[in-house]
Amino acid sequence: MATYDWLFSSLGLEEWCGQGKSGAPMSMADLLAKSKGDEAQEESLWDLPFPSMDALNESCAAFPKSRELTKGLEDGFLNIKDSLSLVLDPITQPLSWGLDGALYAMLNTPWWLVIPIMLAIVFLVSRSWKLVAFVAIAIGSLAFIDHYDYAMQTLAIIFVCAFLCVLLGVPIGIAMARSDWLQRSAIPVLDMLQTLPPFVYLIPLIFLFSVTESKLYGIAIILYAIVPVVRLTDLGIRLVDKEVIEAADAFGMTPRQKLFKVQIPLALPNIMAGVNQTIMMSLAMVVIASLVSAPGLGVLVLRGIRNLELGVGLVSGLGIVLLAVILDRVTKASLARVNAAQKQ
Amino acid sequence: MAKNVKISIRNLYKIFGPEPDVALEYVQRGMTKPELLEQQNHVLGLRDINVDIHEGEITVIMGLSGSGKSTLIRHLNRLIDPTSGEVRVDGKDILNFSEETLRKLRRTTMSMVFQKFALLPHKTVVENAGLSWEIGGQTQKDYEDEARKWLARVGLEGNEEQYPHQLSGGMQQRVGIARALVSNAPIMLMDEAFSALDPLIRSDMQDLLLELQEELHKTIVFITHDLDEALKLADHLVILKEGEVVQQGDPQDILLNPNDPYIVDFVSDINRARVLRVRSVMTEARSDDEYAGEVVENDNLESVLAKSEGDVSLVYRVVRDGETVGRLSMLDLTKALVPTEGASR
């Protein structure tokens with residue numbers, strides 16, 4: 001006898017309950033109860049269980065257990081998995097090519113070409129010799145302790161993913177800024193993407209794609225990191241001074257001219273702040289993505305945890321910090337230059 | 001000074017709210033602004049506005065904040081669409097214009113100057129000035145000369161390559177004016193263009209505008225809440241109160257014959273001697289006068305007072321371009337300076 005027997009008997013559902021036997025796997029609690037042997041216990045009000053699925057199942061075998069809910073989700077996903085990957089596979093294939101290509105290019109170009117090119121880019125966007133010197137020292141020391149390849153792999157992945165985030169995120173943000181309806185429906189999705197624990201992204205992706213494909217971690221990184229650039233593009237365009245928009249209208253700009261000559265340029269500081277956040281979040285995710293075969297410094301961190309190699313883990317962790325500082329400083333410096341050009 | 005009507009506003013209504021058409025019926029049946037807000041939850045923006053704006057004149061629309069003056073000026077280039085009524089520019093009702101025709105009108109026929117300047121912060125001064133040309137698809141090479149010419153005309157020579165944030169407020173508004181002039185549009189809409197500037201600079205800018213107007217004869221619609229500014233600039237003054245025109249006409253006329261307590265309150269604070277001009281007070285010339293001297297019809301009364309040293313028995317001859325057009329007795333002048341009834345409370 002269980003607590004909620006009365007509920008089913010009063011509803012006249014005893015017959016229905018008798019038919020079914022739950023097909024869910026046995027839980028640990030069930031096993032323990034079985035091994036103890038059923039002792040008839042006096043139930044007090046104090047021990048009243050919440051009428052949860054499991055508690056109701058005890059009274060009525062036809063009532064599903066909660067494990068069946070998750071199992072149902074699993075089965076459902078497995079059922080649509082094949083057709084889903086049939087669609088998603090070709091669409092996302094370019095991501096694999098991009099990632100593999102970037103990794104190949106980064107690792108097969110000699111270091112004495114890659115490092116100067118990177119420093120040149122740093123100078124172009126920041127115009128600061130101090131920053132160039134800092135980046136040179138940071139990468140030089142990583143290379144000196146033989147972490148060059150790992151660091152370059154991480155950077156290659158971040159470049160590709162952040163680039164795609166901007167490529168997709170900015171248009172989405174612009175569309176959101178133009179339509180209140182789209183904004184209202186997109187914000188919950190963005191909230192969910194941002195708060196879902198990063199590991200959770202990986203679970204359905206592992207089912208969909210083979211672990212040997214680089215797009216698996218590419219998608220996880222993009223989903224996680226695209227949020228800030230979308231949000232800040234939307235915000236930036238909505239924050240553009242109403243009077244300036246009015247002036248653009250009063251002088252007869254077409255909507256397209258308004259977008260490209262007024263709204264995007266004026267939203268640029270916010271968009272750049274979004275890009276900065278996106279890059280930082282891809283860096284965070286690329287470490288976690290090493291669980292699903294993403295190469296780079298994350299692999300070393302993982303090795304440190306798995307094999308308890310304290311030194312390996314710590315050094316590669318510090319390497320990640322160094323990359324983060326470099327990426328942050330460089331994007332912030334270019335952001336500052338954009339800001340200086342158009343403060344009001 | 002008979003001039004063509006450039007813009008004509010007829011029976012213009014604007015009601016803000018979810019169902020303006022329903023509310024419009026109530027308003028046309030005579031519901032007042034507070035009643036409409038309370039019973040229908042709609043805001044009455046403009047009620048039955050009829051104004052003719054003449055070519056080559058400065059028409060000043062004056063009212064306190066909330067009187068609907070900024071709403072009204074935005075109807076002239078359809079930044080706001082009316083609930084009912086018509087706006088005719090050169091005889092054509094712009095409310096029937098398609099998007100494309102409307103854009104063309106805004107590019108070629110009307111330019112606008114804004115209270116907060118509304119310059120593009122990421123463009124240089126010269127690029128801002130050439131905005132209308134750039135919108136029309138031309139490059140900086142095409143408009144550079146024209147833009148530099150007008151920037152020099154408003155006193156910004158040497159600032160062409162700077163960014164707006166490097167300039168002071170007054171200079172930024174000069175860029176705003178240059179931007180409107182470069183577009184070469186015959187109509188200029190000025191929405192509280194000088195209200196954000198401090199008094200000295202404001203006075204400079206008013207002088208600049210009058211100077212430019214002497215030369216260019218644009219049709220200017222100027223919005224302000226400042227009566228002194230309105231009287232200084234206006235050829236035609238329209239006074240708005242709670243979305244309605246209370247009085248319009250020659251500013252001197254309004255000053256001498258205010259028809260509403262609201263306007264009386266307005267004009268009671270100003271220095272009448274400085275604003276009123278000889279032509280508004282003079283009477284027809286008589287043959288038996290002994291003139292103490294000559295005054296020009298556009299002199300203000302303050303200067304005549306100074307000339308007469310306060311002697312009320314004198315009579316002056318009023319001249320325009322050397323010809324006698326009337327007589328001004330100091331007695332009439334003194335009477336004109338008496339504040340309008342009701343103003344002194």
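- An unreviewed UniProt entry lists chain A under the name Glycine betaine/proline transport system permease protein, with Marinobacter oulmenensis given as the organism.
- Taken from UniProt, the Sequence similarities (unreviewed entry) comment for chain A reads in full: "Belongs to the binding-protein-dependent transport system permease family."
- Its UniProt record gives chain A a comment under Subcellular location (unreviewed entry), which states: "Cell membrane".

1. Describing the overall build of chain A
Here comes step 1: From N to C terminus, chain A includes 15 helices and 0 strands.
Here comes step 2: The globule rule puts the C-alpha radius of gyration for 344 residues at 20 Å, and the 27 Å found for chain A is more than 25% above it.
Here comes step 3: In terms of its C-alpha atoms, chain A occupies a principal-axis envelope of roughly 80 × 60 × 45 Å.
Here comes step 4: Expressed as a percentage of contacts within chain A between residues at least 6 apart in sequence, the contacts between residues at least 24 apart total 76%.

2. Considering the interface of chain A and chain B
Accessible area lost on assembly of the parts is the figure often given for the size of an interface.
Here comes step 1: Residue-level contacts link 18 residues of chain A with 17 residues of chain B.
Here comes step 2: Listed by contribution, the elements that provide at least two residues to the side of chain A that touches chain B are helix H12 (242-250) and helix H13 (255-288) of chain A.
Here comes step 3: Broken down by element, the side of chain A that touches chain B gets its largest block of residues, 6 residues, from H12(A).
Here comes step 4: Here the residues of the side of chain A that touches chain B are counted per class, giving 9 nonpolar, 5 polar and 4 charged.

3. Focus on the UniProt feature "transmembrane region" (unreviewed entry) in chain A
Residues and elements named next belong to chain A.
Here comes step 1: UniProt's entry tags residues 102-124, 154-177, 189-210, 216-233, 279-302 and 308-327 with the feature "transmembrane region" (unreviewed entry), counted in the numbering of this structure.
Here comes step 2: For residues 154-177, helix accounts for 100% and strand for 0%, while the C-alpha atoms at its two ends are 33 Å apart.
Here comes step 3: Secondary structure content for residues 308-327 is 90% helix and 0% strand, and the end C-alpha separation is 29 Å.

4. Concerning the packing of helix H6 (residues 111-126) of chain A against helix H15 (residues 310-341) of chain A
Residues and elements named next belong to chain A.
Here comes step 1: For the pair H6 and H15, interaxial distance at closest approach is 8 Å and the crossing angle is 30°. Relative to H15, the element H6 is oriented roughly parallel. Where H6 abuts H15, its residues Val-122, Val-125 and Ser-126 lie against Val-330, Ala-333 and Ser-334.

5. What about the sheet that holds strand E12 (residues 315-320) of chain B?
All names here are of chain B.
Here comes step 1: Spatial ordering of the open sheet is given by E11-E12-E13, a layout of 3 strands whose pairing is mixed. A strand with exactly one partner marks an edge of an open sheet, and here the two such strands are strand E11 (293-296) and strand E13 (323-329). Strand-to-strand twist in this sheet, taken as the mean axis angle between neighbours without regard to direction, amounts to 40°.
Here comes step 2: Sheet topology note: the E11/E12 ladder contains 4 bridges and is parallel. Residue pairing for E12: Glu-294 is matched across the bridge by Arg-317.

6. Quick notes on the pairing of E13(B)
Residues and elements named next belong to chain B.
Here comes step 1: As defined by bridge partners, E12 adjoins E13 across 6 bridges and the pair is classed as antiparallel. Bridge pairing links Val-315 to Ser-329 in E13.
Here comes step 2: The antiparallel hairpin formed by E12 and E13 contains 2 residues in its connecting segment, where Asp-321 sits at a positive phi of about 50°.

7. Quick notes on the confidence of the model for chain B
Here comes step 1: For chain B, per-residue confidence averages 87 on the pLDDT scale, and 98% of positions sit at 70 or higher.
Here comes step 2: This prediction of the complex comes with two scores: 0.81 for pTM and 0.82 for ipTM.

8. Points about the domain arrangement of chain B
Here comes step 1: Each assigned domain of chain B is listed here: domain 1 (5-109 + 185-270) and domain 2 (276-337).
Here comes step 2: The gap between the C-alpha centroids of domain 1 of chain B and domain 2 of chain B is 34 Å.

9. A look at the domain arrangement of chain A
Here comes step 1: When its domains are assigned, chain A resolves into domain 1 (5-64) and domain 2 (74-341).
Here comes step 2: The distance between the C-alpha centroids of domain 1 of chain A and domain 2 of chain A comes to 50 Å.

10. Structural notes on the packing of helix H8 (residues 148-178) of chain A against helix H11 (residues 215-238) of chain A
For any two helices packed against each other, the geometry is given by the interaxial angle and the distance between the axes.
Residues and elements named next belong to chain A.
Here comes step 1: The N-to-C vectors of H8 and H11 enclose an angle of 40°; their axes lie 7 Å apart at closest approach. Between H8 and H11, the interaxial angle falls into the category oblique. Helix-helix and strand crossings are classified by hand; for H8 and H11 the assignment is right-handed.
Here comes step 2: Of the residues that constitute the contact of H8 with H11, the class distribution is 18 nonpolar, 4 polar and 2 charged.

11. Things to note about helix H7 (residues 129-144) of chain A
Residues and elements named next belong to chain A.
Here comes step 1: Here H7 is 16 residues long and its end C-alpha atoms lie 22 Å apart, about the 22 Å a rise of 1.5 Å per residue gives.
Here comes step 2: If you check which residues of H7 are buried, you get Val-135, Ile-139 and Leu-142. What you see down the axis of H7 is that its buried residues fit within an arc of 55°, all on one side. In H7, those exposed residues whose orientation departs by more than 90 degrees from the buried face are Trp-129, Lys-130, Ala-133, Ile-137, Gly-140, Ser-141 and Phe-144.
Here comes step 3: Of the surrounding elements, those touching the buried residues of H7 are H6, H8 and H15.
Here comes step 4: Phi turns positive one or two residues past the end of H7, at Asp-146, with a value near 60°.

What counts, and where the lines are drawn
Residues numbered from 1 in each chain as written. Chains lettered and ligands numbered in written order. Predicted model: local features only at pLDDT ≥ 70, side-chain atom pairs only at ≥ 80, totals over all residues. UniProt positions renumbered as here; feature names shortened; annotations may be inferred. Helix = DSSP H or I, 4+ residues; strand = E, 2+ residues; numbered from the N terminus. Rg over C-alpha atoms; globule rule 2.2 N^0.38 Å. Contact = placed C-beta atoms within 7 Å. Nonpolar A, V, L, I, M, F, W, Y, C, P; charged D, E, K, R; others polar. Axes fitted to C-alpha atoms, helices over the stretch in contact; angles between N-to-C directions. Parallel < 35°, antiparallel > 145°, perpendicular 65-115°, else oblique. Pairing = 2+ DSSP bridges. pLDDT = per-residue confidence, 0-100. Domains from an automatic or database assignment. Left-handed = near helix turned anticlockwise from the far one by under 90°. Expected span 1.5 Å × (residues − 1). Buried ≥ 20, exposed ≤ 12 C-beta atoms within 10 Å, placed from the backbone. Arc of directions from axis to C-beta.

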